[in-house]
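# Close look at the chain arrangement
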Amino acid sequence: LSDDARAMQTDLGRTRDELVAERDRAADYAAQVQRLEAELVAASAAAREDALTQVLNRRDLDEAFAIETSRADRSGAPLAVAMLDLDNFKALNDRLGHAAGDGALAHLADVVRESLRPTDVVARFGGEEFVVLLPGTALADAADVMTRVQRELTRRFFLHNNERVLVTFSAGVTLRGPGEAQQSALDRADSAMMRAKREGKNRVVAA
């Protein structure tokens, strides 16, 4: 080969190597972007969840409530609201410790979430209280749903240090009225829940 041909061949080889390197860098960059996007989605989902129970936190309950009330107002479908509270939580904490209390809350949240429809909303309201939104559900049906969840909870014992611990909850259920504010519906569900507590716990009261 002439010197010019060898030089051209060398240049072509260098150009090919540079193109391969650029392609590899572009692939690495795309993978990095994809990884960062996945981390962002995960972080966003985590920010919406209560860290202990993996259900919605109170802040995102407000957003979910706004979405469901808007949908209910447009369609005219009922929106049932349930407030539930783990029974004898302080006694459980005092007897078995706070780690057991945390485990009982997580167990309760798991059973509630797994017993409901994907379209239902479960959120931790604070402490041992949870709120459940049941779109398109009449009051009597919502009470039946929460009663079924109670039965499922009594079948699925919470295990702590190999000890089977019976966990129960009391619940109040109400229907959100057309145009009714969130707090008004929650207050009514809470009052019904307190009545369930007074009437012996592990029961559902409809308001």
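Each value, and the rule that gives it
Each residue is numbered by its place in its chain's sequence as written, counting from 1. Per-residue local features are limited, in this predicted model, to residues with pLDDT of at least 70; the limit for side-chain atom pairs, both in listing and counting, is 80 or more; totals at the level of whole chains, interfaces and linings are taken over all residues. Excluding hydrogens and water, the side-chain values take into account all heavy atoms of the structure. Only DSSP runs of H or I with at least four residues qualify as helices, and only runs of E with at least two residues qualify as strands; both kinds are numbered from the N terminus onward. Relative accessibility under 20% of the residue-type maximum defines a buried residue, over 50% an exposed one, and the middle range a partly exposed one, all with a 1.4 Å probe and only protein chains included. Contact between two residues is taken to exist if any of their heavy atoms lie within 4.5 Å; hydrogens are not considered. A residue's pLDDT is the confidence the predictor assigns to it, expressed on a 0 to 100 scale. Geometry is summarised by axes, namely lines fitted to C-alpha atoms with helices restricted to the contacting stretch, and by angles between N-to-C directions that run from 0 to 180 degrees. Put simply, angles under 35 degrees are roughly parallel, angles over 145 are roughly antiparallel, angles from 65 to 115 are roughly perpendicular, and the rest are oblique. Handedness of each helix crossing follows the sense of rotation of the near helix against the far helix: counterclockwise by less than a right angle gives left-handed, clockwise gives right-handed. Classification convention: Asp, Glu, Lys, Arg as charged; Ala, Val, Leu, Ile, Met, Phe, Trp, Tyr, Cys, Pro as nonpolar; all other residues, Gly among them, as polar. Strand pairing requires that DSSP identify at least two bridges connecting the strands. Here the expected length of a helix is defined as 1.5 Å per residue gap, with one fewer gap than residues. We call two N or O atoms a polar contact when they sit within 3.5 Å, provided that within protein one can donate a hydrogen and the other can accept it, with sequence-adjacent residues counted only if both atoms are side-chain atoms. Ring geometry is summarised as follows: Phe, Tyr and Trp rings, the Trp one being its six-membered ring, pair when their centres sit within 6.5 Å, and such pairs are stacked at plane angles under 30 degrees, edge-to-face over 60 and tilted between the two. Only when the NZ atom of a Lys or the CZ atom of an Arg is both within 6 Å of the ring centre and within 35 degrees of the ring normal do we say a charge sits over the ring.

## Focus: the overall build of the chain
Scanning the chain from terminus to terminus reveals six helices and seven strands. N-terminal to C-terminal, the α/β element order of the chain is α-α-β-α-α-β-β-α-β-β-β-α-β. Each of the 207 residues in the chain was classed as buried or not, and the buried ones make up 39%. Of all intrachain contacts in the chain linking residues separated by at least 6 positions in sequence, the fraction that spans at least 24 positions is 66%.

## Some points on the confidence of the model for the chain
Summary statistics for the chain give a mean pLDDT of 88 and a share of 88% for residues scoring 70 or more. Of the regions scoring below 50 in pLDDT, residues 36–46 engages in zero contacts with residues more than four places distant in sequence or in other chains.

## A closer look at the packing of helix α4 (residues 98–115) against helix α5 (residues 139–155)
Between α4 and α5, whose axes approach to 10 Å, the crossing angle comes to 130°. Viewed along their axes, α4 and α5 adopt a mutual orientation that is oblique. The interaxial crossing formed by α4 with α5 has right-handed handedness. Residue-level inspection shows H107, L108, V111, V112 and S115 of α4 in contact with α5, the latter providing V149, E152 and L153. Across the contact of α4 with α5, the residue classes tally to five nonpolar, two polar and one charged.

## Side note on the environment of R58
Inspection of the secondary structure assignment puts R58 in helix α2 (residues 58–75). Placed 72 residues apart in sequence, R58 and F130 show a C-alpha to C-alpha distance of 9.2 Å. The residues touching R58, leaving out its near neighbours within four places in the chain, are R124 and F125.

## Brief notes about the sheet that holds strand β3 (residues 129–135)
Taken in spatial order, the five strands make up an open sheet running β2-β3-β1-β6-β7, and their pairing is mixed. Every interior strand has two partners, whereas the edge strands, β2 (121–126) and β7 (204–206), have only one. The average angle at which neighbouring strand axes cross in this sheet is 20°, direction not considered. Relative to strand β6 (residues 169–175), strand β1 (residues 79–86) runs antiparallel, the two sharing seven bridges.

## Quick word on the pairing of β2
With five of six residues buried, β2 lies mostly within the body of the structure. The pairing of β2 with β3 spans five bridges and is classified as antiparallel. From the neighbouring strand, A123 faces β3, where its bridge partner is V131. Counting the residues in the hairpin turn of β2 and β3 gives two residues, including G127, whose phi is positive at 60°.

## Points about α2
Helix length check: α2 (18 residues) gives 26 Å between terminal C-alpha atoms against 26 Å at 1.5 Å per residue, within 8%. Listing the buried residues of α2 in full gives D60, L61, A64, F65, E68, T69 and A72. Taking the backbone nitrogen of R59 as reference, a side-chain oxygen 3.3 Å away marks N57 as the first, capping residue of α2.

## Some remarks on the packing of helix α3 (residues 89–96) against α4
Taken N-terminus to C-terminus, the directions of α3 and α4 make an angle of 135°; their axes are 7 Å apart at the nearest point. Here α4 runs oblique to α3, going by the angle between their axes. Touching F89, L92, N93 and L96 of α3 are H98, A100, G101, A104 and L105, all from α4. Class assignment of the residues belonging to the contact of α3 with α4 gives a composition of six nonpolar, three polar and no charged.

## Details of the packing of aromatic side chains
Aromatic ring pairs: the centre-centre distance and the angle between the two ring planes describe each pair. Overall, the coordinates contain zero aromatic pairs when judged by the stated rule. Geometry around F125 places R58 over its ring, the cationic atom sitting 3.9 Å from the centre. The ring of F157 is capped by R164, whose NZ or CZ atom sits 4.1 Å from the centre of that ring.

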